[in-house]
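So you can see what is in the structure, the chains are spelled out below.
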Amino acid sequence: MNLARVTGTVVATQKSEALVGAKLLVLERLNERLKPLGEYTVAVDAVGAGEEEIVLYTSGSSARQTSQTKDSPVDAVIVAIVDSCTIGNETVFQR
Amino acid sequence: MFLGRVIGFVTATIKIPEFEGLKLLWVQPICRNGSPSGKAIVACDATQAGIGDRVFVVDSREAAFALPDHATPTDATIAGIVEYLEPSTDLESAK
């Protein structure tokens with residue numbers, strides 16, 4: 001999975017039928033020290049993440065393995081809202 | 001699969017049900033000689049690996065097959081803890 005910050009929402013009335021009802025969030029990928037990597041992804045939100053929250057998202061075919069994204073044209077889904085992030089014995093993030 | 005070193009972990013209470021009880025570890029991909037190669041990712045742990053362990057990670061859809069629930073929406077799972085490589089390399093010194 002990758003770490004990311006929620007940086008916005010995608011509103012699209014004209015879209016694939018299979019995406020109707022899905023909440024689409026714009027994620028900015030972060031590295032293990034929460035530095036932005038300049039990579040952006042549109043992901044379906046499966047956990048109710050809000051603006052600026054730090055989340056984990058799954059990419060690729062695995063992203064279709066949730067009840068909300070089953071058989072949908074989705075290759076990125078938010079799977080967790082991060083409480084803490086530790087590298088070595090240093091806590092680099094605490095919600 | 002790729003070789004990696006466990007460098008940290010992530011905690012999350014709000015997450016998809018399939019991730020309940022799964023440890024989420026930061027893994028830095030490494031070369032055969034132990035030097036870092038590429039961006040760190042977060043992997044589910046199926047082997048009770050700890051920080052500092054050298055591991056190998058299965059990614060993409062196949063990552064779920066290293067876990068009891070083969071439909072887990074994970075795109076990276078630690079599939080094994082490396083004891084040593086043959087022929088041994090200076091990876092031994094990078095313990």
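Since the structure is predicted, the reported quantities are computational estimates derived from the model, not experimental observations.

S.K.: How would you explain the interface of chain A and chain B if you had to name every residue and give the values?
M.R.: If you look at the interface, chain A gives 30 residues, while chain B gives 29 residues. Across the chain A to chain B interface the summed buried area is about 2300 Å²; carbon plus sulfur atoms make up 57%. Inspection of the chain A/chain B interface yields 1 salt bridge. B:Lys39 is paired through a salt bridge with A:Glu39; the nearest N and O atoms lie 2.4 Å apart. Our enumeration of links across chain A and chain B arrives at 15 residue pairs in polar contact (both at pLDDT 80 or more). Among the elements of the structure, β1 (2-10), β3 (36-45), β4 (54-59), β5 (76-81) and β6 (84-87) of chain A are those that each provide at least two residues to the side of chain A that touches chain B. Along the lines of polarity and charge, the residues of the side of chain A that touches chain B split into 14 nonpolar, 11 polar and 5 charged.

S.K.: Describe the nonpolar core, naming the residues involved and giving the relevant values.
M.R.: Residues A:Leu3, A:Leu27, A:Leu56, A:Ile78 and B:Trp26 are the most contacted members of the largest nonpolar core, which totals 43 residues. Ranked by residues supplied to this core, first place goes to β5(A) with 6 residues. With residues near it in sequence (within four places) discarded, A:Ile78 still touches A:Leu25, A:Leu27, A:Ala43, A:Val44, A:Asp45, A:Ala46, A:Val47, A:Ala49, A:Val55, A:Leu56, A:Tyr57 and B:Ile16. Membership of the second largest hydrophobic core comes to 10 residues, among which are B:Val6, B:Leu25, B:Val57 and B:Ile78.

S.K.: Could you give me a rundown of unusual backbone geometry, with the residues and numbers involved?
M.R.: Cis geometry marks the peptide bond from B:Glu86 to B:Pro87; its omega dihedral reads -10°. For A:Leu34, which is not a glycine, the phi torsion comes out positive at approximately 60°. Structurally, A:Leu34 is set in the loop between β2 (24-30) and β3. A relative accessible area of 14% means that A:Leu34 is categorised as buried. Of note, A:Glu52 is a non-glycine position whose phi angle comes to about 70°, a positive value. In this structure, A:Glu52 sits in the loop between β3 and β4. On the accessibility criterion, A:Glu52 (47% relative accessible area) is partly exposed.

S.K.: Lay out the pattern of salt bridges in plain terms, naming residues and giving numbers.
M.R.: Residue and element names in this part refer to chain A. One pass over the structure, following the stated rule, counts 10 salt bridges over all chains. Measuring nitrogen to oxygen at the nearest pair gives 3.2 Å for the salt bridge that ties Arg29 to Glu39. In this pair, Arg29 is assigned in strand β2 and Glu39 in strand β3, connecting sequence segments 10 residues apart. Given the relative accessible area of 8%, Arg29 is considered buried. Salt bridges sharing partners connect three or more residues here, namely Arg5, Glu28 and Glu52.

S.K.: Provide a residue-level description of the pairing of strand β3 (residues 24-29) of chain B, including the pertinent values.
M.R.: With respect to burial, β3(B) is a largely interior element, 6 of its 6 residues being buried. Neither face of β3(B) is open: one carries B:Leu24, B:Trp26 and B:Gln28, the other B:Leu25, B:Val27 and B:Pro29, and all of them are buried.

S.K.: With reference to specific residues and values, describe the environment of B:Arg61.
M.R.: You can see B:Arg61 is positioned in the loop between β5 (54-59) and β6 (76-81). Between the alpha carbons of B:Arg61 and B:Leu24 there is a distance of 17 Å; along the sequence they are 37 residues apart. Residue contacts for B:Arg61: discarding those within four places in its chain leaves A:Ser61, A:Ser62, A:Gln65, B:His70 and B:Ala71. A polar contact is formed between the side chain of B:Arg61 and the backbone oxygen of B:His70, at a distance of 3.1 Å.

Cut-offs used in this document
- Residues numbered from 1 in each chain as written.
- Chains lettered and ligands numbered in written order.
- Predicted model: local features only at pLDDT ≥ 70, side-chain atom pairs only at ≥ 80, totals over all residues.
- Heavy atoms only, no water.
- Contact = heavy atoms within 4.5 Å.
- Buried area = accessible area lost by both parts, 1.4 Å probe.
- Salt bridge = Lys/Arg side-chain N within 4 Å of Asp/Glu carboxyl O.
- Polar contact = N/O pair within 3.5 Å; in protein donor to acceptor, adjacent residues only side chain to side chain.
- Helix = DSSP H or I, 4+ residues; strand = E, 2+ residues; numbered from the N terminus.
- Nonpolar A, V, L, I, M, F, W, Y, C, P; charged D, E, K, R; others polar.
- Core = buried A, V, L, I, M, F, W, Y, C linked by side-chain atoms within 4.5 Å.
- Buried < 20%, exposed > 50% of the residue type's maximum accessible area, 1.4 Å probe, protein only.

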